[in-house]
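Residue-level structure breakdown
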Amino acid sequence: MIPVAWYEKFQVSKKQADDLRKAGAALWNMAEPGFREKATHDYLSGLFEILGFSVRPFEGIPGFIASFPEKSGAPSNTSSDQSGSSGIPAASQKTAPTSGTENAADSEGRIALISDMDGLPNPEDSTGTYIHSCGHHMQMAALYGAARLLKDAASGALRHMDFIAVPAEEYIDLEYRETLRSAGVVSRLSGKQELIERGYFKGYRQVVSTHAAGFQEPLFISSVRSMGGFRAMRFIFRGKAAHAGAAPHKGINAQNAASLFLQACAFLREGFRNEDYIRIHPVLSYPPDQSVNIVPALVRADTYVRAAAIEAIDETAGKLKDAAKGAAAALGASVEIEEIPGYAPFKANLDMHEILRTVTEEMELPFIDEDYSAASSDVGDLSQMIPTIMLGLPGVNGLFHNPGFRVTDEDAAYVLPSAVLVRYLEALTGC
């Protein structure tokens, strides 16, 4: 728990702290999949509307831009039931998303504080529920908390700020997202990539993002200097079905070809350079009606290729292609290879990094300077075009992408990040 004196020092009242904890707990309980965060959108946008912010929803997908005071030309959304504000729009609305300078008209020279909105599938629940096992509810609580504290303090930083809730950071559920793309609802498969494509991030001078961090200290703020990018790859091995008991020699076992490919992946790992931070983690899948009595004729291997630089991703992807072709040829099978663009590597802006260090130390909090994380995020795409930083937040047990992930200290997870963001955003804006 954070000492009461700390709240007093940084002017966080008990009422404010209670409100931030309540928001964080509510968001934890409404985890939803990417591009389908309807309840999350309605709840979070409602919090901003209660504060008196102008809320501009994105067309056809969940998420919004909130600003205060209302900017000239920015349409206001005062209803959470606007057609097309979240989910898939009606058939009459299936037009290509807008893009270009019209979406960036009011962002010139401003700072964007962003948060992700989506959750992950809960593998311990067969009914298809989702869980915030990557802590995105904490990001949203910090987004709202910073806005609330800045507004309550009548901070001049608000004149230079936008607060952006972004859907679909987790790169999963790609088949569903492809249906959205085919319907013209989106043109990209992740939230930030979609907003970049639509032009929403044009004009911003800096982007501030947050993420839960798994360090063991009870209180801290961290900043990661770089993170890996990735590319998704799919290898479809095809053989020939046959009776597995009576005539296996008449078949071509696609599973064996895929298994040989996995062995090649394992052997390739010893040739990866440490400084490239390469990660591959293939997973096999089968048709739902695959029988144990039939030689498998089709097996799919999916993997990400993660690395610290695009060049290392390209090189590793080439090696995997050669390995898959060789494994298929060795057993008389064939292989089809699909590549899906993932996320660019993240590079923190070092000036923003050092300002955060100064602010954190002035607040008498430990500052953790993290050199590299092998995780990936579409904030990497933003960091390649706009000065960007990612604040690591305390208060969790560190079991990311695990159903056991939990907030262990609500004050550290929801209240402290909001207070730090106030000081940091004021430092960035000079207010």
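Residues numbered from 1 in each chain as written. Predicted model: local features only at pLDDT ≥ 70, side-chain atom pairs only at ≥ 80, totals over all residues. Heavy atoms only, no water.

1. Points about the overall build of the protein chain
Worth spelling out the cut-off: The helix count covers DSSP runs of H or I at least four residues long, the strand count covers runs of E at least two residues long, and both are numbered beginning at the N terminus. For a compact globule the rule gives 2.2 Å times the number of residues to the power 0.38, and the radius of gyration it is set against comes from C-alpha atoms. Using a 1.4 Å probe on the protein chains alone, a residue whose accessible area is under 20% of its type maximum counts as buried, one over 50% counts as exposed, and one in between counts as partly exposed. Here a residue-residue contact requires only that any non-hydrogen atoms of the pair lie within 4.5 Å. All accessibility values rest on the Shrake-Rupley procedure with a 1.4 Å probe; residue burial counts only the protein chains present in the view. Charge counting treats Lys and Arg as positive and Asp and Glu as negative, with His and both chain ends excluded. Taken as the charge centre is NZ of Lys, CZ of Arg, CG of Asp or CD of Glu, depending on the residue.
Within the protein chain one finds 11 helices and 16 strands. The C-alpha radius of gyration of the protein chain comes to 23 Å, within 12% of the 22 Å expected for a compact globule of 431 residues. Counting only residues that meet the buried cut, the protein chain has 55% of its 431 residues in that class. Taking contacts inside the protein chain between residues at least 6 apart in sequence as the whole, the part at least 24 apart equals 78%. Taken as a whole, the protein chain presents about 17700 Å² of accessible surface, with 52% of it coming from carbon and sulfur. Seen as two clouds, the 39 positive and the 53 negative side-chain charges of the protein chain have centres 3 Å apart.

2. Digging into helix α9 (residues 350-362)
We count it as follows: Working rule for helices: expected span equals 1.5 Å times residues minus one. What the arc describes is the spread of directions from the helix axis to the C-beta atoms. Identification of polar contacts relies on pairs of N or O atoms within 3.5 Å, with a donor-acceptor requirement for protein atoms, meaning one able to donate a hydrogen and the other able to accept it, and with residues adjacent in sequence counted only if both atoms are side-chain atoms.
Between its first and last C-alpha atoms α9 spans 18 Å; for 13 residues at 1.5 Å apiece the expected length is 18 Å, and the two agree. Looking at α9, one finds that the buried residues are Met352, His353, Leu356, Val359 and Thr360. All buried residues of α9 project into a common sector of 125° when viewed along the axis, lining one side. What points out from α9, more than 90 degrees from its buried face, is the exposed set Asp351 and Glu362. Packed against the buried residues of α9 are β7 (206-212), β8 (221-227), β15 (367-373), β16 (388-393) and α11 (410-429). With a side-chain oxygen positioned 3.2 Å from the backbone nitrogen of Asp351, the residue opening α9 is Asn349. Just downstream of α9 lies Glu364, where phi reads positive at about 60°.

3. What to know about unusual backbone geometry
Notably, Phe35 is not glycine yet its phi reads approximately 65°, a positive angle. Inspection of the secondary structure puts Phe35 in the loop between α2 (14-28) and α3 (38-51).

4. Quick word on the pattern of salt bridges
Operational definition: Each reported salt bridge corresponds to a side-chain nitrogen of Lys or Arg within 4 Å of a carboxyl oxygen of Asp or Glu.
Taken as a whole, this structure holds 29 salt bridges when the rule is applied. Between Arg110 and Asp162 there is a salt bridge whose closest N-O contact spans 3.3 Å. Here the residue Arg110 occupies a position in the loop between β2 (64-67) and β3 (111-116), and Asp162 occupies one in strand β6 (residues 161-166), the gap between them amounting to 52 residues. Side by side, Arg110 and Asp162 carry an identical accessibility label, which is buried. Arg234 is the partner of Asp302 in a salt bridge, and the nearest nitrogen-oxygen pair spans 2.6 Å. Of this pair, Asp302 sits in strand β12 (residues 298-307) while Arg234 sits in strand β9 (residues 229-238), and the two are 68 residues apart along the sequence.

5. Details of the packing of α2 against helix α4 (residues 136-152)
Let me state the cut-off plainly: Axes here refer to lines fitted to C-alpha atoms; in helices the fit is confined to the stretch in contact. Angles between the N-to-C directions go from 0 to 180 degrees. Oblique is the label for any angle not covered by the other classes, which are roughly parallel (under 35 degrees), roughly antiparallel (over 145) and roughly perpendicular (65 to 115). For any helix crossing, the convention is left-handed if the near helix is rotated counterclockwise from the far helix by under a right angle, and right-handed if that rotation is clockwise. Just so you know the grouping, Ala, Val, Leu, Ile, Met, Phe, Trp, Tyr, Cys and Pro go in nonpolar, Asp, Glu, Lys and Arg go in charged, and all remaining residues, Gly too, go in polar.
At a minimum axis separation of 9 Å, α2 and α4 run at an interaxial angle of 155°. Here α4 runs roughly antiparallel to α2, going by the angle between their axes. As for how α2 packs across α4, the hand of that crossing is right-handed. Contact with α2, carried on its side by Lys15, Gln16, Asp19, Leu20, Ala23, Gly24, Leu27 and Trp28, involves His137, Met140, Ala141, Tyr144, Gly145, Arg148, Leu149 and Asp152 of α4 and no other residues of that element. Across the contact of α2 with α4, the residue classes break down as 8 nonpolar, 4 polar and 4 charged.

6. Some thoughts on the pairing of β2
Basically, it comes down to this: In this analysis, strands are considered paired if DSSP registers two or more bridges between them.
Burial along β2 is two-sided: the residues Phe64 and Ala66 and Ile65 and Ser67 are all buried. In this structure, strand β1 (residues 54-57) lies alongside β2, joined through 4 bridges in antiparallel fashion. Bridged to Ser54 within β2 is Ser67. Hairpin geometry of β1 and β2 is characterised by an intervening segment of 6 residues between the two adjacent antiparallel strands and by a positive phi of about 85° at Gly60. With 3 bridges joining them, β2 and β6 adopt antiparallel strand pairing. When the bridges of β6 are listed, Phe64 appears paired with Ala165.

7. Some points on the nonpolar core
Definition in use: Put simply, buried Ala, Val, Leu, Ile, Met, Phe, Trp, Tyr and Cys residues joined by side-chain atoms within 4.5 Å make one nonpolar core.
Within the largest apolar cluster, 61 residues are counted, with the highest numbers of intra-cluster contacts made by Phe48, Phe163, Val208 and Leu391. At 11 residues, α11 tops the list of elements feeding residues into this core. Core analysis: the second largest hydrophobic core is formed by 26 residues, Ala112, Leu180, Tyr200 and Val207 among them.

8. Comments concerning the packing of α3 against α4
Remark: α3 packs on α4, axes separated minimally by 10 Å, with the N-to-C direction vectors making an angle of 5°. Classed by the angle they form, the pair α3 and α4 counts as roughly parallel. Packed against α3, whose contacting residues are Thr40, Leu44, Leu47, Phe48 and Leu51, the element α4 presents Met140, Leu143, Tyr144, Ala147, Arg148 and Lys151 at the interface.

9. Digging into the confidence of the model for the protein chain
For the record, the criterion: Per residue, pLDDT measures the predictor's confidence, with a range of 0 to 100.
Model confidence for the protein chain is summarised by a mean pLDDT of 92, while 91% of its residues fall at 70 or above. Taken as a whole, residues 72-96 scores under 50 in pLDDT and shows 48 contacts with residues more than four places along the chain or in a different chain.

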